[in-house]
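So you can see what is in the structure, the chains are spelled out below.
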Amino acid sequence: MLSSDVGHIESLRQWVESETGMDLAGTRFSRLKDAVEAVLQRPLAHNDIPRLLAQPDGRTRFLERVTGRLTVGESYFFRNEHHFRALREHVLPQILRENEERREIRIWSAGCSTGEEPYSVAILLDQLLGRASSWRVSILGTDLNPSFLERARAAKYREWSFRQTEIHKNPGYFQRQGDTYCLVPEVRSRVRFTYLNLVKDVYPSPLTGTVGLDLILFRNVAIYLKPEITAAIIGRFRQALRPGGWLLLGETEVNLAPAEGLEPRFLDRATFHQAIAERKPSPEKSASPLLPALAAAFPVPPITVQESSPLPEWLPESSVLRQQMGGRSGTLGRVAEADAGRRRRVGTAAPCSDHCEEGDSKVWEQIQRCLSRREFAGAQRAIAGITDATLRAAIRLRYTRELWAAAEIDRARSMLDVCLTENPLLIEAQLLKASLAEEAGDLAAAERYYRQALYLDRKCPIAHFHLALVQQQNGHASAAARSLRTTLKLTEGNDPHALVEHGEGVCYGRLKELVLLLTENQA
Ligand SMILES: C[S@@+](CC[C@H](N)C(=O)[O-])C[C@H]1O[C@@H](n2cnc3c(N)ncnc32)[C@H](O)[C@@H]1O
């Protein structure tokens, strides 16, 4: 190997590390080379790497394929039996008791691989609630490997997926077809799967269904990640949980210091972390009265990772941080700046509009007080008393997000309805309505709301993108391909580091990457 090749592989390592948050030093380095050669389907040749890195579009697909090879998809039903015992005997019954009034439970399996983990939870809930139950069960499985997600959606498994359980022998759950076990549709339909890279994508966010959750499972995912990246991911999970929500960590993740705002709970040898209710600092203390409070209370820790290439395109531009870091380091930490924008849209944070002035913070404080005491009627009265229609709409949207973050989904939905009745031209409200419908599995309604958003602004890239996702789920492949092409066109000519409007913190570079990935996966 020429010395220039060694240099190329080293710069590839640094680039992959900065893009994925993985630690590829030491012996893992040879895994990277193996992964690259597996993707190329031949040994590395001289100048392969500079050629690959010089093609922005091809580079994205190449990176995702390499990442897929570097991560392991090993999973099986009821893996770590003690985790599921603790879920069945302690955690899920407690959540069901707490949510008795709203009869809804919302769970996220982050890094779900081929679906065994979220389906195991769906089976547990089926056993606890009964099949005819009126509870709304929403289970989200996400992963960065599209082929795992495809297999998860198919819900067909071999014997090896049941190495710690006999559940496949229960015809109420699995129907045998030769040597394959097919999960029954009643349970399968309770889980939806979507692409989400925990290092690059935006969460918590209504658009990704990752707000106001009762339970998050994060097990056996962080094995190759740098510890500081895993800690930042856990910090984001804290923001995605409702107060009192639970996080279940795998053996790989459990030794990492838990984020502020999470308290460990040891149940039956399983380590859970529970989100404690936060104390919100007084808004007067923040620089901008309605830029709160929680942005400071739950900062994503600043993380710096060596980086040799320019800023990844999925990161928002941050001139200040760039200056501080000499433009050469960072990954999740630099997302902090996007957080300010995203938090304006995510429940526990700033208002969704710039219309709010200092005097209005008093109203907002009153609303928050009502919310913390669950005096919803009082909060609604306070909002209805705002005379300025634009401000009232902005506060309604902000309140909607707070309700969502507290898992008060029905109330959030009603607030959006009022908001849209008063102000039907509010595109953000249409997008939020669409997300709620999507989460509830009402894809026809979701498509309608995304189209209404596009009726208000036909150049809204985020509406085209999410419309494509819904069309894909509906099996309308050519319509989805058209929507993706439109999204791609709308990303062109924009600064890749600039935030996409209504994108909850996603920037143009990442949106483009996502479109390319989905387009390729669809082809
Ligand atoms: C070993 S499997 C674990 C599956 C399941 N959680 C379990 O414990 O059985 C790890 C999964 O994490 C996914 N993964 C790794 N890094 C990820 C990331 N940055 N974002 C999303 N998923 C990731 C991999 O694709 C793989 O499917």
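A quick note: this is a predicted structure, and the numbers were derived from the prediction, not measured. (Residues numbered from 1 in each chain as written. Predicted model: local features only at pLDDT ≥ 70, side-chain atom pairs only at ≥ 80, totals over all residues.)

## Concerning the overall build of the chain
The line we're drawing: Helix and strand labels come from DSSP, where a helix needs a run of H or I of at least four residues and a strand needs a run of E of at least two; each type is numbered from the N terminus. Any residue surrounded by 20 or more other C-beta atoms within 10 Å of its C-beta is treated as buried, while 12 or fewer makes it exposed and the intermediate range makes it partly exposed; C-beta atoms here are placed from the backbone. Our contact criterion uses C-beta atoms placed from the backbone: two residues qualify when those atoms are within 7 Å.
The number of helices and strands found in the chain is 21 helices and 10 strands. The 523 residues of the chain split such that 48% are buried. Sequence separation of at least 24 residues holds for 68% of the intrachain contacts in the chain that already meet a minimum separation of 6.

## Thoughts on the sheet that holds strand E7 (residues 213-218)
So the rule is basically this: Two strands qualify as a pair provided that DSSP identifies no fewer than 2 bridges between them. Interaxial angle, 0 to 180 degrees, is taken between N-to-C directions of lines fitted to C-alpha atoms, where a helix line uses only the stretch in contact.
Pairing is mixed in the open sheet, where seven strands are placed in the order E6-E2-E1-E7-E8-E10-E9. Strands with a single pairing partner mark the edges of an open sheet, and in this sheet they are strand E6 (191-195) and strand E9 (262-267). Put simply, the sheet's adjacent strands are angled 20° from each other on average, direction ignored. Where helix H7 (residues 146-154) meets the sheet, its contacts fall on strand E2 (136-143) and E6, and the angle it forms with E6 comes to roughly 165°.

## Here's the deal with the confidence of the model for the chain
In low-pLDDT segments, the atomic positions of the prediction should not be examined closely. Quick reminder of the rule: A score between 0 and 100, pLDDT records how confident the predictor is in each residue.
Of all residues in the chain, 83% have pLDDT values of 70 or greater, and the mean over the chain is 83. Taken as a whole, residues 281-309 scores under 50 in pLDDT and shows 88 contacts with residues more than four places along the chain or in a different chain. The model gives residues 319-355 a pLDDT under 50, and that stretch makes 100 contacts with residues more than four places away or in other chains.

## Here's the deal with the environment of Thr 400
Residue placement: Thr 400 occurs in helix H15 (residues 389-405). Separated by 15 residues in sequence, Thr 400 and Met 415 have C-alpha atoms that sit 6.1 Å apart. In this structure, Thr 400 is in contact with Ala 412, Met 415, Leu 416, Cys 419 and Leu 432, ignoring residues within four places of it in sequence.

## Concerning the packing of helix H5 (residues 81-98) against helix H6 (residues 116-129)
What counts here: We call two directions roughly parallel when the angle between them is under 35 degrees, roughly antiparallel when it is over 145, roughly perpendicular when it lies between 65 and 115, and oblique otherwise. By convention the crossing between two helices is left-handed if the near helix lies anticlockwise of the far one by an angle smaller than a right angle, and right-handed if it lies clockwise.
One can describe the packing of H5 onto H6 by two numbers: an axis separation of 11 Å at closest approach and a directional angle of 60°. Put simply, H5 runs oblique to H6. Between H5 and H6 lies a crossing of right-handed hand. Residues Phe 84, Leu 87, Arg 88, Leu 92 and Leu 96 of H5 lie in contact with H6, whose contacting residues are Ser 120, Leu 124, Leu 125 and Leu 128.

## Comments concerning the site of the ligand
What counts here: In this entry, near means the residue's backbone-placed C-beta atom lies within 6 Å of the molecule or strand. Residues are sorted three ways: Asp, Glu, Lys and Arg are charged, Ala, Val, Leu, Ile, Met, Phe, Trp, Tyr, Cys and Pro are nonpolar, and all the rest, Gly among them, are polar.
Neighbouring residues of the ligand: 22 residues in total, closest Ser 75, Gly 111, Ser 113, Leu 198 and Asn 220. Taken together, the residues of the shell around the ligand break down into seven nonpolar, nine polar and six charged.

## Thoughts on the sheet that holds strand E3 (residues 156-157)
Spatial strand order, E3-E5-E4: three strands in an open sheet with antiparallel pairing. Two strands close off the open sheet at either side, each with one partner strand: E3 and strand E4 (174-177). Bridge count for E4 against strand E5 (residues 180-183) is four bridges, and the pairing is antiparallel. Bridge assignment links Arg 176 to a residue of E5, and that residue is Tyr 181.

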